[in-house]
Amino acid sequence: MTRIVLAFGMAVLLAVSTVLPSSAALWYNPETNKFEERSASGRTGSSSIRKQIVNYETNHKPGTIVIETSERRLYLVLEGGKAMKYGIGVGRDGFRWSGTHRITRKAEWPGWTPPPAMRKRVPDLPAYMPGGPDNPLGARALYIGSTLYRVHGTSEPWSIGQAVSSGCIRLTNDDVMDLYDRVRVGALIVVNH
């Protein structure tokens, strides 16, 4: 009888261990300038900041992206005085910027080539990382003019609402896929402090 109980207990443990997600995820820690493992316990797959349609008075045409860095929000201007509002992560101290540009390119599951200045700060970064779920650019990227910056997804949804990037604007992968489908190449993007 004891062997049956032990066998049953082992079977249950094996079944549970194969269906539970891994408890660690790779993330970029701006304080140490390294990729590190972070426990996923207590973390969810989405941000607590939900996208929503809001009233939004502006002189910008529908299709324009307006980023309010200080609010940690991105507004996609819609018709009729409305906008789709998304939560975003922004550049940490010393990496925030502002300006007006155009979206010059869009990419699904983009590869990432860290710029030379970033590789100098973080020597263990790869020269290139292919697109995929572990790529820091996430599921989609909107390239901003001739800058090194992008509006992109992230596999670190807990970073939304935070100032953690090297200047890029990040959204959850779900939100960046929604934005990607709504925005065309050539759209105006306005980044405010």
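Conventions and cut-offs
Each chain has its residues counted from 1, following the order in which its sequence is written. It should be noted that, the model being predicted, local features are given only for residues of pLDDT at least 70 and side-chain atom pairs only at 80 or more, the latter also being counted only at that level, while totals for whole chains, interfaces and linings use all residues. Side-chain figures throughout are based on the complete set of non-hydrogen atoms in the structure, without hydrogens or water. Secondary structure elements follow DSSP: runs of H or I of four or more residues count as helices, runs of E of two or more count as strands, with numbering from the N terminus. The criterion used for residue contact is that any of the two residues' heavy atoms lie within 4.5 Å. Each accessible area is a Shrake-Rupley estimate made with a 1.4 Å probe; only the visible protein chains count as cover when residues are assessed. To qualify as a nonpolar core, a set must consist of buried Ala, Val, Leu, Ile, Met, Phe, Trp, Tyr and Cys residues joined through side-chain atoms within 4.5 Å. Each residue's exposure class comes from its accessible area (1.4 Å probe, protein chains only) as a fraction of the maximum for that residue type: buried when under 20%, exposed when over 50%, partly exposed otherwise. Working definition: rings of Phe, Tyr and Trp (its six-membered ring) pair if their centres are within 6.5 Å, and the pair is stacked with planes under 30 degrees apart, edge-to-face with planes over 60 apart, and tilted otherwise. By definition, two strands form a pair when at least two bridges between them are found by DSSP. Any carboxyl oxygen of Asp or Glu that lies within 4 Å of a side-chain nitrogen of Lys or Arg is treated as forming a salt bridge with it. Axes here refer to lines fitted to C-alpha atoms; in helices the fit is confined to the stretch in contact. Angles between the N-to-C directions go from 0 to 180 degrees.

**Q** Now, about the overall build of the protein chain: what can you tell me, with residues and values included?
**A** For the protein chain, the helix and strand inventory stands at 3 helices and 13 strands. Looking at the protein chain alone, contacts between residues at least 24 apart form 60% of all its contacts between residues at least 6 apart. Here the protein chain displays about 10,900 Å² of accessible surface, and carbon together with sulfur accounts for 54% of that area.

**Q** Let's hear about the nonpolar core: which residues, and what values?
**A** Counting 22 residues, the largest nonpolar core has Ile65, Ile67, Leu74, Val151 and Leu179 as its most contacted members. Mapped onto this core, the elements with two or more residues apiece are strand S4 (65–68), strand S5 (73–77), strand S6 (82–87), strand S9 (140–144), helix H3 (173–182) and strand S13 (188–192). Beyond its immediate stretch of four places on either side in the chain, Leu74 contacts Ile65, Val66, Ile67, Met84, Lys85, Tyr86, Ile88, Val151, Leu171 and Leu179. Residues Trp112, Met118, Val122 and Leu125 belong to the second largest nonpolar core, which totals 9 residues.

**Q** An account of the packing of aromatic side chains is needed here, citing residue identities and associated values.
**A** If you walk through the whole model with that rule in mind, you get 2 aromatic pairs. When the ring of Tyr56 is compared with that of Tyr75, the centres are 4.6 Å apart and the planes differ by 15°; the resulting orientation is stacked. A residue pair is termed long-range when its members are at least 10 positions apart, and Tyr56 in the loop between strand S3 (52–55) and S4 and Tyr75 in strand S5 qualify at 19 residues. Comparing Tyr56 with Tyr75, the two get one shared label, buried.

**Q** Now, about the pairing of strand S8 (residues 99–108): what can you tell me, with residues and values included?
**A** As paired elements, S8 and S13 share 4 bridges and run antiparallel to each other. Within S13, the position partnered with Arg102 by the bridge is Leu188. Relative to S9, S8 is paired through 5 bridges, and the arrangement is antiparallel. Within the sheet, the bridge partner assigned to Ile103 lies in S9 and is Ile144.

**Q** Can you break down unusual backbone geometry residue by residue, with the values?
**A** The backbone phi angle of Arg72 is positive, close to 60°, even though this residue is not glycine. With respect to the secondary-structure elements, Arg72 resides in the loop between S4 and S5. Judged by relative accessible area, which is 21%, Arg72 ranks as partly exposed. Positioned with a positive phi, Trp109 is a non-glycine residue whose angle comes to about 45°. Tracing the sequence through the fold places Trp109 in the loop between S8 and helix H2 (116–121).

**Q** I'd like to hear about the pattern of salt bridges, residue by residue, with values.
**A** Counted according to the given criterion, the structure contains 5 salt bridges. Between Asp93 and Arg96 there is a salt bridge; the shortest N-O distance is 3.0 Å. Residue Asp93 is classed as exposed on the basis of its relative accessible area of 61%. The shortest N-O distance in the salt bridge between Arg170 and Glu156 comes to 3.1 Å. Of the two residues, Arg170 is situated in strand S12 (residues 169–170) and Glu156 in the loop between strand S10 (150–152) and strand S11 (163–165); the sequence distance between them amounts to 14 residues. Exposure class is identical for Arg170 and Glu156. Each is buried. What emerges from the salt-bridge pattern is a single network uniting Lys51, Asp178 and Arg182.

**Q** I'd like a rundown of the sheet that holds S3, residues and numbers included.
**A** Ordered by their spatial adjacency, 9 strands build an open sheet running S3-S6-S5-S4-S13-S8-S9-S10-S12, and the pairing between neighbours is mixed. The strands lining the two open edges of the sheet, one partner per strand, are S3 and S12. Sheet analysis places S10 next to S12, joined by 2 bridges and oriented parallel. By the bridge assignment for S12, His152 is matched with Arg170. Against the sheet, H3 makes contact with S5, S6, S8, S9 and S10, and its axis sits at roughly 55° relative to S9, the strand it touches most.

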